[in-house]
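In case you want the letters, here they are:
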Amino acid sequence: MKEKGYLQTYYGRSGIKEYDGSEDCSVYQIENTDLVEFCEYLRAIQEDGFELYAENRIRDNYFYTYFGKNTELHAYFTAHDRRARIIADRKTKLFPREKEICPRNTDTVLFQFELDYRKIDCGMCYIIQTCEGNFFIIDSAHMFSENDHERIYDFLKKRKKGNGPIVISGWYLTHAHQDHIVKFMDFIRAGYQDVILENIYYNFPECGIPGSECWKEADKETMHEFHDFMEKHTELRKIRVHTGQRFFIGNLTFTVLSTHEDLIDDPLECYNNASSVLLMEAEGSRVLFLGDANVLPCEEMTARYGKELKADIVQVAHHGFNDANAGIYCMVRADTALYPTDRMSLEKHADSESNQMIRKMQKEIFLAGDGTAAFLLPYQTGRAIVYPCEINMEE
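Here we summarise the structure given alongside this text. (Residues numbered from 1 in each chain as written. Predicted model: local features only at pLDDT ≥ 70, side-chain atom pairs only at ≥ 80, totals over all residues. Heavy atoms only, no water.)

1. Observations regarding unusual backbone geometry
A cis amide bond links leucine 377 to the next residue, proline 378, at an omega of 5 degrees. Mapping proline 378 onto the fold places it in the loop between strand S21 (373-377) and strand S22 (385-386). A positive phi is found at histidine 318, a non-glycine position, where the angle reads about 50 degrees. Of the residues examined, histidine 318 reaches a relative accessible area of 18% and is grouped as buried. (Helix = DSSP H or I, 4+ residues; strand = E, 2+ residues; numbered from the N terminus. Buried < 20%, exposed > 50% of the residue type's maximum accessible area, 1.4 Å probe, protein only.)

2. Describing the sheet that holds strand S18 (residues 313-315)
The strand order across the open sheet formed by 7 strands is S14-S15-S16-S17-S18-S19-S20, and the pairing between neighbours is mixed. Pairing within the sheet leaves two strands with one partner each, and these edge strands are strand S14 (246-249) and strand S20 (364-367). The mean inter-strand angle of the sheet, taken between neighbouring strand axes irrespective of direction, is 20 degrees. Sheet analysis places strand S17 (residues 285-289) next to S18, joined by 3 bridges and oriented parallel. By the bridge assignment, leucine 288 is partnered in S18 with valine 314. Together, strand S15 (252-258) and strand S16 (277-282) form the strand contacts of helix H5 (residues 295-305), whose direction differs from that of S15 by roughly 110 degrees. (Pairing = 2+ DSSP bridges. Axes fitted to C-alpha atoms, helices over the stretch in contact; angles between N-to-C directions. Contact = heavy atoms within 4.5 Å.)

3. Some words on the layout of surface pockets
Taken as a whole, the largest pocket holds about 410 Å³ of empty space. Forming the walls of the largest pocket are 19 residues, and the residues nearest its centre are Glu23, Tyr202, Phe226, His227 and Arg240. Of all elements in the fold, only helix H4 (217-232) and strand S13 (238-240) reach the threshold of two or more residues within the lining of the largest pocket. Take the lining of the largest pocket: its biggest share by element is 6 residues, from H4. A breakdown of the residues in the lining of the largest pocket according to their chemical character gives 8 nonpolar, 4 polar and 7 charged. The space that makes up the second largest pocket amounts to roughly 360 Å³. What lines the second largest pocket is a set of 19 residues, among which His177, Lys216, Asp219, Asn272 and His318 lie closest to the centre. Among the elements of the structure, helix H3 (178-190) and H4 are those that each provide at least two residues to the lining of the second largest pocket. For the lining of the second largest pocket, the per-class residue count stands at 8 nonpolar, 6 polar and 5 charged. (1 Å grid on protein atoms, 1.4 Å probe; cavity = no way out; pocket = protein on both sides within 12 Å on 5 of 7 lines; lining within 4 Å. Points joined across faces, edges and corners; volume = space filled by probe spheres on them. Nonpolar A, V, L, I, M, F, W, Y, C, P; charged D, E, K, R; others polar.)

4. Some details on the environment of tyrosine 271
Following the sequence through the fold, tyrosine 271 ends up in the loop between S15 and S16. The spacing of tyrosine 271 and aspartate 292 is 21 residues in sequence and 9.1 Å in space, taken between C-alpha atoms. Discounting residues that sit within four places of it in the chain, tyrosine 271 has contacts with His175, Ala176, His177, Phe204, Pro205, Trp215 and Met223. A polar atom in the side chain of tyrosine 271 sits 3.4 Å from the backbone nitrogen of alanine 176. (Polar contact = N/O pair within 3.5 Å; in protein donor to acceptor, adjacent residues only side chain to side chain.)

5. Some remarks on the side chain of serine 169
As for its position among the elements, serine 169 is in strand S10 (residues 166-172). Residues within four places of serine 169 in sequence aside, it is in contact with Asn134, Phe135, Glu198, Asn199 and Ile249.

6. Here we look at H3
Compared with an ideal rise of 1.5 Å per residue, which puts 13 residues at 18 Å, H3 spans 18 Å between its outermost C-alpha atoms and is within 8% of the ideal. Burial analysis of H3 places 11 of its 13 residues in the buried class, the great majority of the element. Of all the residues in H3, the buried ones are Gln178, Asp179, His180, Ile181, Val182, Lys183, Phe184, Met185, Asp186, Phe187 and Ile188. Against the buried residues of H3 lie helix H2 (148-159), S10, strand S11 (195-197), strand S12 (200-202) and H4. Phi turns positive one or two residues past the end of H3, at glycine 191, with a value near 65 degrees. (Expected span 1.5 Å × (residues − 1).)

Here you go:
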């Protein structure tokens, strides 16, 4: 291991492993540790010149973010597996750590955006309008959903408040599959002059990490395309998120519950396991976005957070196409389930263990292919508004 001052507390002990994370990012994992030893490590960070930037606690898990020497250090301890993880991130911008006092110009609304599923059965896009009228977007659509970046723009333009620009306070990308990031890139390439994009949030693994030899070549091409795209667009402010970090957008509070850095012990052969998971809290409602999280991250979150995963609305993992982990829906106990796919595609997977559990646990289900659905927050079941479909699936 390369010696770093902020790791000196652990020199000489066994069980320290170093991994490559994302670009310009290293991950250190310490096995068989405890909270006392973890706190000693935190003191060593501060003695090495790093200042505490933000902290968070979920159940018996502790998360701390420090900054110094042009590096963000994120350290967290998870009690269920007695591990500490230390992430040295040398290329991220700092996330907004304080809740804003913002004007209330409109209702806070979550939209499950209808995508064009005529040529592809996947893709997801969620749009949240804050009480001040700005927007936060999660993912986008597939390259085969040809005009969906234009439809997203038209949707935002129609709903913005006042005569000013469209302000996208944040765009969050769960992972780098084509159906989640391509239309984001097309949106930026379109160069809409009346759009202000303040921050982009994501955390994608390096293409060459162990297990990547199992990824589809098309997926690798998309990841390289995204990397080149972000290198070119230097005007975009990029924030790399890490597990346990909490950030604020207007009256919205977001907590990152999982990233690929939680799973560094085993080769990342299934790229969907790299999908980050995001919890949103707004106006007293909790919404869990699982992205395409597969079995491993869902098992990890269930063990780590337990009933702290409780939410009012849950976005079903991987469009409902794989089993993920049925147990996570028991922990989430949401009354409302959101499927980012069309009805015909979901019916092919309706009998999976997870989908059976969702039908058992949830009171209502909404599919993006049935039309854009609006959920006024705080949300009560039965009060969603579903707009007429814009896409004729028979064409």
